Structure formats: C-alpha cells, structure tokens
Amino acid sequence: MQALRVSRALIRSFSSTARNRFRNRVPEKQKLFQEDNDIPLYLKGGFVDNILYRVTMALCLGGSAYSVYCLGWASFPRN
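Procedures and definitions
Residues numbered from 1 in each chain as written. Predicted model: local features only at pLDDT ≥ 70, side-chain atom pairs only at ≥ 80, totals over all residues. Heavy atoms only, no water. Helix = DSSP H or I, 4+ residues; strand = E, 2+ residues; numbered from the N terminus. Buried < 20%, exposed > 50% of the residue type's maximum accessible area, 1.4 Å probe, protein only. Areas by Shrake-Rupley, 256 points an atom, 1.4 Å probe, with all protein chains shown as cover. UniProt positions renumbered as here; feature names shortened; annotations may be inferred. pLDDT = per-residue confidence, 0-100. Salt bridge = Lys/Arg side-chain N within 4 Å of Asp/Glu carboxyl O. Polar contact = N/O pair within 3.5 Å; in protein donor to acceptor, adjacent residues only side chain to side chain. Contact = heavy atoms within 4.5 Å.

Caption draft 1: View of the overall build of the chain. Each helix and strand counted, the chain has four helices and zero strands in total. Tracing the chain from N to C terminus, the helices and strands come up as α-α-α-α. The burial tally for the chain puts 3% of its 79 residues in the buried class. Here the chain has roughly 7,800 Å² of accessible surface; of this, 63% comes from carbon and sulfur atoms.

Caption draft 2: Examining the UniProt feature "transmembrane region" (unreviewed entry) in the chain more closely. UniProt's entry tags residues 51–76 with the feature "transmembrane region" (unreviewed entry), counted in the numbering of this structure. Helix makes up 96% of residues 51–76 and strand 0%, with an end-to-end C-alpha separation of 38 Å.

Caption draft 3: Structural context of the confidence of the model for the chain. On average, residues of the chain score 85 in pLDDT, and 77% of them are at 70 or above. Within the chain, helix α4 (residues 47–75) carries the highest mean pLDDT (96), whereas helix α2 (residues 16–19) carries the lowest (56).

Caption draft 4: How the structure looks around unusual backbone geometry. Backbone geometry places D38, a non-glycine residue, at a positive phi of 60°. In this fold, D38 is placed in the loop between α3 (26–34) and α4. With a relative accessible area of 75%, D38 lands in the exposed category.

Caption draft 5: Up close: the pattern of salt bridges. All told, the structure shown has one salt bridge when counted by the stated rule. One salt bridge connects R23 with E28, and the closest N-O pair in it is separated by 3.0 Å.

Caption draft 6: Region of the structure containing the side chain of K44. Looking at the secondary structure, you find K44 in the loop between α3 and α4. In this structure the side chain of K44 is engaged in a polar contact, spanning 3.2 Å, whose partner is the backbone oxygen of F33. Sequence-distant contacts of K44, that is, excluding residues within four places in its chain, are made with L32, F33, E35, N37, I39 and D49.

This is the structure:
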C-alpha cells in the first residue's frame, strides 16, 4: 500500500501540469546567439559566461605553468 502512495506521488510530481510552470525561453536564446554582433559564441551568454571563461583560462594557464615548473624541478637531481 505504501508503494502505491509513493508511485502516485511521483506520477503527480512528473505530470504534464508540472512542466507548464516554466516558460519556454528557447526562441529568446536562439535570437541572442544567432545575431551578428562580433562577440564570440562562448561569451554571448553574458556576465556569467565571461567569468566562467576567465576562471577556466586562469586554471588552464596556472596548471600549465605548474606542470612546467614540476618538470623543471624533476629534471635536476638533488645531490
């Protein structure tokens, strides 16, 4: 009996009426990403995309510099 109650609750939460609460923003996003304004695609999302891009590039450059440092450190044996 308990399983029947749980399954009904799951069906109710995933029913078609639950999906209608969110507005479809796909046409707005398509318009934003398809306009020709000389902004790279990976930055067209706005401020958050800009921050994510800069953090990713900083991590990549920092990791590359650290790997070169470790290779240099490992190439010279200690006496």
